[in-house]
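# Structure assessment
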Amino acid sequence: MNTVYSKAAGEPLKKSKSIHLKRFNLSSVSFSLSLIMILVLILCALFPGVIAPYSPFQMNQAVVMSPPSFTHVFGTDQFGRDMFSLIVYGTRQSLMMGLLAVLLGGFTGTVIGLLAGYFGGIIDTIFMRLTDILLTIPNILLAIAISAALGPSLLNIIVAVSFSAVPNYARVIRGQVIAIKSRPYIDASKTIGMPRMKIIMRHVLPNCSSQIIVMAALGIGTSILISTGLSFLGLGVIKEIPDWGYLLSQGRSYITIAWWIVTFPGLVITLLVIAVNILGDELRDRLDPKRTRA
Amino acid sequence: MLLDVKDLSVGFKTEYGLLNAVNEVEMHIDKGEFVALVGESGSGKTITSLSLMRLIEFNNGKITSGKITFQDQQLEKLSQRQMSEFRGSRIAMIFQDPMNALDPVYPIGQQIAEVLIKHKNMPKKKADQQAIELLGKVGIPDPKTRLKQYPYEFSGGMLQRVVIAMALACKPELLIADEPTTALDVTTQAQILSLLLQLREEFGMAILLITHDLGVAAQLADRVVVMYSAKVVEEAVAEKLFQSPSHPYTRGLLKSIISLDSERKTSLFSIDGSIPALDNIPSGCRFHPRCEYATELCKSKEPPLADKGDSRVACWHTDKLPEEWKLEAASTLEKLEEPDEEKRSALIEVENLSKHFSLKKGIFDKKQVLQAVDNVSFSIRRGETFGLVGESGSGKSTLGRMLLQLEPPTAGEIRFEGKKIINVNADEKKKLKANMQMIFQDPSGSMDPKWKIGNVIAEPLTVHRNLKGDEKRTYVKELMQMVGLNPDWYNRYPNQLSGGQKQRVAIARAIALDPAFILADEAVSALDVSVQSQVINLLQDLQKKLGLTYLFIGHGMNVVRHISDRIGVMYLGQLVEIAQTDELFRNPKHHYTKSLINAIPNPAEKKNTFSQVKGSIPSPTKPPSGCKFHTRCPAATKICKTAKPSLEEDTDGHYVACHHPLTAQAALESKEEMEVQT
């Protein structure tokens, strides 16, 4: 067959190189900073002993509640422990709680949202009324109730924290699924006889990915804060090495006389949340084919 | 001179730099003149109109150079606050989609009065009075009660009238109408266009009509400006432009129009390629990659908009264009074979098919039934193209969706190759789905934006044939070649393709499983004129090669006429007429069919009148009794209100559901009569 495609169908919409101007870009700077932040925290979680200058158990009565100085960059707490070392050692548990809770909660919520949104009808009604009930209870209260019922252990805290996030995921994903469901490409897949589960996995889920990523990025911060709350109420796991939440709640009592005890753990949590969000945004954009260029 | 635009350029800031969406545009509008600005999507016509109102600055755009002189005011120098004194009072604008142009939470009367209160400091009471008057002028019956109604209580055509009333409130000197009828049905389009003409006389205002429809431009405008790729390429008095266009692009556009008297069984003329993207504009003359007369000069140097006495043209070779120019001489391409009538058995038979949706807003609301499709029977023969036409709301898409089992019917039977297809087991359903495919209206919506087009085309193959890896790749590339796509684009994403190219992807996917039947639901309505013909030619080509059967759903009578062997006309969920295409157009028997045919604007004649059918399609929740068309029919009598006419064979193969079918003579007379009325 003699083909004439290139002319008949016109030239491809190729983007010319000339408009890719190289210039200072704020978003790429903040992206790099976020990446560095996350990498540092991961290193802290993996090798706390290498990074921390002091042992987290080392109490020094001589320097109780001393402000930040060259020897103790983040100051010391009420027992004379080095704050910087405590934060470094606490990274592992905090990150693990945040990540696992988001994974578990995000997964469950997404599955519920997909099923409820796509199938509708009675499945939708049952799932959504259940999430409505859960949504009426504040996150932290829900987490408290669950961890109180299950008893204190790391796994139970993760379950409690993730469970409190499920309704949010389910609601948002369901809305998105209902919007995607009516797109012609779903009809197009139905007309070729694609099984329902495959349509959900191959078309619906990938098109929800940006919502899931944004929610998960925000969720890591929330999860850490909720687990903080649980520690504060004595429902957390008290180990020899405190997590960031525990540090935060401990320092709260001394906020007027030793601001650094509460400030630095708080600052680290904030920076982590911001960094994860920026990474999440970047990831969402990279997954969007509309932004890929030929 | 009312408006004078000189050297206008408009840019958009993007992350890749400044995109020039309007480039050195020059045009003028005299007092009371009707000017049409014509071009395909992406040519910059809407951006030009928004710039005239300085509204472009709210859309991230910027007027980078040029002068806009309105009367003696320099519009480009005014502040936005000064500009808002002009908008709505001296220059008014109406938009494409009337639904979005009105605020859904205020009654329409309040929205019209608001304009008067703002610009004329009118007291509320007087403004309301004036609003009633305006609504009457734009032909809204019972304006006093309708004043208090909300936008959702109006039909599309009625809403566009409201928008026009709003635009006219302050008696503007210039009315900019941006595709005012594109979102409307043909019959409503004719009504709105007649209204515009009538109001122009009454108010003595100038109108700038922005449209992609050359037929509309030809019938209404005094002067036509043609834009291509952000530049004006030709400007001339309407008669001159349509009789002897001097730019190859204008010629191409005019030739690509599918006229009602074109030779049906030939391929259509089309301009190669598609309009360039703004960030990839060709050097020299922007049209040169698509132009058959292009030379080296065209590639290197941009032609100026040169004055030719009665017109202005931006082309180096306008003098060398062939003299003889005929609209009808569109194509001398290969003739398609007339298939053998004898061999055709019915591929699809539809019997008494109905689809009713029940609407219930609240627990205490009365249950309403929407009869989307009501007792429809017809058959599609093997190898033919069956066209289905009707206004929006006539149920033609629902009918198509039932055939493809996207929607279960309420009652009735569908047979494919003689076998029933409703409620069959999963295995047979899968087989059926491989045999029946669909092409959707919106090429961008019908493919997953996250999928590469190669995978989009391969999707049916993975489901039904379990093809993988290299095997799949080769097969898909063959398909891509067949529909005229470059196989190297396998890894591109849909957003990197133009509308016409995307529709080719959709077609490749539809033919992947070698189906017997393809449903094309408004498959070309979303495409530009020049690209439309390419896709229709491709569809006809494939039909010949693969022996396909099409059901072609459309609202453009001329397109459906060109491609179909037989046509069914739908009105409010019922088939009112079925006939061979030529027979239907030569000798329509139903009054509705007749009015649909008459409503098509034809660029070959300027008549300044439109034969039109009155009113708009009634709501399918409350269909009229008896013959559903009686409320709009010029020949309705008592019996039409009470008895439902059935679809009966009138002459050989010509079915009509009407108590008083038109005879050939009467059809001719009623056409004249309608023209006299308008």
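Keep in mind the model is a prediction, meaning the values are calculated, not measured.

All names here are of chain A. It is at 5 Å that the axes of helix α4 (residues 83–119) and helix α7 (residues 154–181) come closest, and there the two elements cross at 35°. Remark: the crossing between α4 and α7 carries right-handed chirality. Its residues placed into classes, the contact of α4 with α7 shows 21 nonpolar, nine polar and two charged.

Quick look at the environment of K472 of chain B now. Residue and element names in this part refer to chain B. Summarising the element assignment, K472 is placed in helix α16 (residues 469–482). Accessibility expressed as a relative area gives 17% for K472, which makes it buried. Sequence separation of K472 and N455 is 17 residues, and the distance between their C-alpha atoms is 9.3 Å. Once you skip the residues sitting within four places of it in the chain, K472 turns out to touch N455, A458, T462, L467 and Y490.

Further remarks concern a nonpolar patch on the surface. Residues and elements named next belong to chain A. Nonpolar side chains collect at one region of the surface, where L35, L39, I42, L43, L46, F47, V50 and I51 lie side by side and expose about 730 Å² of accessible area between them. Of all the secondary-structure elements, those providing two or more residues to the nonpolar patch are α2 (26–46) and α3 (48–51). With five residues, α2 is the single largest residue contributor to the nonpolar patch. Mapped onto the fold, I51 is located in helix α3.

Residue and element names in this part refer to chain B. Here R87 lies in the loop between α2 (80–86) and β6 (91–94). No salt bridge is formed by the buried R87. Its closest oppositely charged neighbour is E57, at 6.6 Å. For R87, the side chain forms a polar contact with the main-chain oxygen of M53, separated by 2.8 Å. Residues in contact with R87, not counting those within four places in the same chain, are M53, R54, L55, F58, Q80 and H119.

Moving on, we come to the confidence of the model for chain B. Detailed conclusions should not be drawn from predicted coordinates in areas where pLDDT is low. Residues and elements named next belong to chain B. When pLDDT is averaged along chain B, the result is 85, and 91% of the positions lie at 70 or above. Contacts of residues 328–336 to residues separated by more than four positions or lying in other chains number 19 contacts, the stretch itself having pLDDT below 50. Both scores are available for the predicted complex, with the pTM at 0.80 and the ipTM at 0.73.

What follows covers the pairing of strand β7 (residues 174–178) of chain B. Residues and elements named next belong to chain B. Here β7 lies mainly inside the structure; five of its five residues are buried. Side chains L174, I176 and D178 project from β7 onto one buried face, and the interleaved L175 and A177 project onto a second face that is buried too. In the sheet, β6 pairs with β7 via four bridges, with the strands oriented parallel. Within the sheet, the bridge partner assigned to A92 lies in β7 and is L175. Sheet topology note: the β7/strand β8 (residues 206–211) ladder contains five bridges and is parallel. Pairing of I176 across the sheet is with L208, part of β8. With respect to chirality, the unit in which β7 leads through helix α8 (residues 186–203) into the neighbouring parallel β8 is right-handed.

Going through the model one piece at a time under the given rule, you end up with seven cavities of 30 Å³ or more. Counted as a void, the largest cavity has a volume near 80 Å³. For the largest cavity, the full set of lining residues is A188 and T191 of chain A together with Q437, M438, I439, F440, S446, M447, V456, A506, R509 and A510 of chain B. Mapped onto the lining of the largest cavity, the elements with two or more residues apiece are α8 (184–191) of chain A together with β18 (436–439) and α17 (499–511) of chain B. Among the residues forming the lining of the largest cavity, the class breakdown is eight nonpolar, three polar and one charged.

Residue and element names in this part refer to chain B. By secondary structure assignment, the location of N558 is in helix α19 (residues 557–563). Exposure remark for N558: the relative accessible area of 17% places this residue in the buried category. N558 sits 166 residues away from S392 along the chain, and the two C-alpha atoms are 16 Å apart. With sequence-adjacent residues up to four places away left out, N558 is seen in contact with I258, L260 and I600.

Strand pairing in a sheet relies on backbone hydrogen bonds, with the paired strands running either antiparallel or parallel. Residue and element names in this part refer to chain B. An order of β18-β19-β20-β15-β21-β22-β24-β23 is seen for the eight strands of this open sheet, with the pairing classed as mixed. Bordering the open sheet on either side are β18 and β23 (648–651), each of which pairs with just one other strand. For this sheet, the mean angle separating the axes of adjacent strands, direction not counted, is 25°. Strand direction decides the pairing type here: strand β22 (residues 574–580) and strand β24 (residues 654–656), joined by two bridges, are antiparallel. Looking at β24, one finds that E577 is bridged to V656. With respect to the sheet, helix α18 (residues 529–546) is in contact with β15 (385–389), β18 and β20 (549–554), its orientation differing from that of β20 by roughly 160°. Where helix α21 (residues 591–598) meets the sheet, it contacts β15, β21 (566–571) and β22, and its direction lies at approximately 105° from that of β21.

About the cut-offs
One numbering rule holds for all chains: residues counted from 1, following each sequence as written. Working convention: letters from A go to chains and numbers from 1 go to ligands, in the order in which they are written. pLDDT decides what is reported in this predicted model: residues at 70 or higher carry local features, side-chain atom pairs at 80 or more are listed and counted, and totals for whole chains, interfaces and linings draw on all residues regardless. Values shown for side chains rest on all heavy atoms present in the structure; no hydrogens or waters enter the calculation. Angles run from 0 to 180 degrees between N-to-C directions of axes, and those axes are lines fitted to C-alpha atoms, restricted for helices to the stretch in contact. Strands are runs of DSSP state E lasting at least 2 residues, helices are runs of H or I lasting at least 4, and numbering of each runs from the N terminus. Two helices crossing with the near one rotated counterclockwise from the far one by less than a right angle form a left-handed crossing, whereas a clockwise rotation gives a right-handed crossing. Following the grouping adopted for this structure description, the nonpolar residues are Ala, Val, Leu, Ile, Met, Phe, Trp, Tyr, Cys and Pro, the charged ones are Asp, Glu, Lys and Arg, and the polar ones are all others, Gly among them. Exposure categories follow from relative accessible area, calculated using a 1.4 Å probe and restricted to protein chains: below 20% of the type maximum is buried, above 50% is exposed, and the middle band is partly exposed. Should any heavy atoms of two residues lie within 4.5 Å, those residues are counted as being in contact. A patch consists of residues exposed above 30% relative accessible area that lack any salt bridge, with like charges linked at up to 9 Å and nonpolar side chains (Val, Leu, Ile, Met, Phe, Trp, Tyr) linked at up to 5 Å. Each accessible area value is a Shrake-Rupley result obtained with a 1.4 Å probe; residue values ignore everything except the protein chains displayed when judging cover. Any Lys or Arg side-chain nitrogen located within 4 Å of an Asp or Glu carboxyl oxygen qualifies as a salt bridge. His is not counted, nor are the chain ends; Lys and Arg add positive charge and Asp and Glu add negative charge. A 3.5 Å cut-off defines polar contacts: any pair of N or O atoms within that distance qualifies, except that in protein one atom must be a possible hydrogen donor and the other a possible acceptor, and neighbouring residues in sequence count only when both atoms are side-chain atoms. pLDDT expresses how confident the predictor is about each individual residue, on a scale running from 0 to 100. Two strands make a pair as long as DSSP finds a minimum of two bridges between them. Handedness is read with the strands pointing away from the viewer; a crossover is right-handed when the path from the first strand over the helix to the second is clockwise. In this analysis a 1.4 Å probe is tested at points of a 1 Å grid over the protein atoms alone, and where it fits but cannot get out there is a cavity; an open set with protein on both sides within 12 Å along at least five of seven lines is a pocket; lining residues have an atom within 4 Å of a point. Grid points are joined across faces, edges and corners, and a volume is the space filled by probe spheres set on the points.

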